[in-house]
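# Working through the structure, step by step
So the chains spell out like this:
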Amino acid sequence: KKTRRIAKMNITDNSQVQQPHLLLDRNITTSSKGGVRPYGFPIGVSLNHVAAHDSPNPKGKLKILRYSDVLKVDFGPQVRGWIIDAAFTVAFDPRHDELLRAVRDATEAGIRTAGVGVTLGEVGAAVQRVMESRYTNITSRTASGSPIPTRHGVRVRVIRNLCGHNMEQWKIHAGKTVHAVACSDDTVMEEGEVYAIETFGSTGNGFVVEGSDCSHYMWNYDEEAPDPNVIKHHLRMQNKTSAIQLMNHIMRRHKTLAFCRRWLDQEGFKNHKSALERLVRLGVVMEYPPLEDRAGCYTAQFEHTIYLGPDGKEVLTRGEDY
């Protein structure tokens, strides 16, 4: 609720707010006093055609939040490694209202459908059915920019390669994929599982690719990940002290939770980029670049975390405002 209020603060026609992420981060982040941060991952603030995984880097390009923008805010606290994952979208121009409504309604359809014994393909079908029946208030245009006379505006497309996921302690992605389109996946949701039900809609291609200027990273906890002790020995043999120090810091401070370059900078690793890139090349750290649809389009995201308990389904992130 506080995050939504901050994001809308003083936004009027043609007004600008600099560094939207720092504005949010400064107001809602609490001190971790040298321990593991209270967040399961960095706050994502992705604008317009960038759907996810965007966050300013140290000395990065200044980002401006404008009246015409669509801002996705993806955030989640953690307690002892148990993560709550939620997201919402803010827009100020009313021509984006139908896009936001379509994606929000699709997320709610996914939540209603999800449950013990339900297949992940069934959830995807429910999401797609709702979202792709909607049209935006944005005018369709030709490649040259001329408006196309149509009864409706641009149709909302599901971003088909962005999905929800189940979560376990210290693992934000625990192996199961909650699709956003109809498919033949007959994997069943089971009692005791926690899921992030998230959907993304777009006025563009409905498909994202990796962008540049990566800010999100995470320790590689895959079963086939390299042995950290072997990697440390390799780095010692090459006298790469800075990479070893950064590796030890990540293991101690962030464990298997996602982190960002800005956090490393705040934690005393001012010149970490080269060492971080080395750890990525060695496979012990994974990078998660911004995910982008085609330039010029708009994307929206809504997300809740649910728990499938013995007494039914509980939406853990439900509040009075969303």
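My aim in this report is to walk through the structure given alongside it, one point at a time. (Residues numbered from 1 in each chain as written. Predicted model: local features only at pLDDT ≥ 70, side-chain atom pairs only at ≥ 80, totals over all residues. Heavy atoms only, no water.)

## Regarding the pattern of salt bridges
Close approach of charged atoms allows side chains of opposite charge to pair. Evaluated as defined, the whole model comprises 9 salt bridges. The shortest N-O distance in the salt bridge between Glu98 and Arg101 comes to 2.4 Å. With Glu98 and Arg101 both in helix H3 (residues 97–113) and 3 residues apart, this pair spans about one turn of that helix. Of the charged contacts, one joins Glu193 and Lys176 as a salt bridge, the two residues approaching to 2.8 Å between their closest N and O atoms. Placement of the pair is Glu193 in the loop between strand S11 (177–178) and strand S12 (194–202) and Lys176 in the loop between strand S10 (164–167) and S11, with a sequence separation of 17 residues. A residue is classified by how much of its surface remains accessible, and Glu193, at 14% relative accessible area, is buried. The structure contains a network of salt bridges with shared partners spanning Arg37, Arg253 and Glu267. (Salt bridge = Lys/Arg side-chain N within 4 Å of Asp/Glu carboxyl O. Helix = DSSP H or I, 4+ residues; strand = E, 2+ residues; numbered from the N terminus. Buried < 20%, exposed > 50% of the residue type's maximum accessible area, 1.4 Å probe, protein only.)

## A few points about the pairing of S12
Of all the 9 residues making up S12, 9 are buried; the element is thus mostly covered by neighbouring parts of the structure. On S12, burial covers both faces: Val194, Ala196, Glu198, Phe200 and Ser202 on one face and Tyr195, Ile197, Thr199 and Gly201 on the other are all buried. The sheet contact formed by strand S9 (residues 157–158) and S12 spans 2 bridges and is antiparallel. Opposite Arg157, over in S12, you have Ser202 as the bridge partner. Judged from the 3 bridges that link them, S10 and S12 form a sheet pairing that is antiparallel. Opposite His165, over in S12, you have Ala196 as the bridge partner. Two strands pair when backbone bridges link them, and S12 and strand S18 (residues 299–309) are joined in this way by 9 bridges, in the antiparallel orientation. Note on S18: the bridge partner recorded for Tyr195 is Ile306. (Pairing = 2+ DSSP bridges.)

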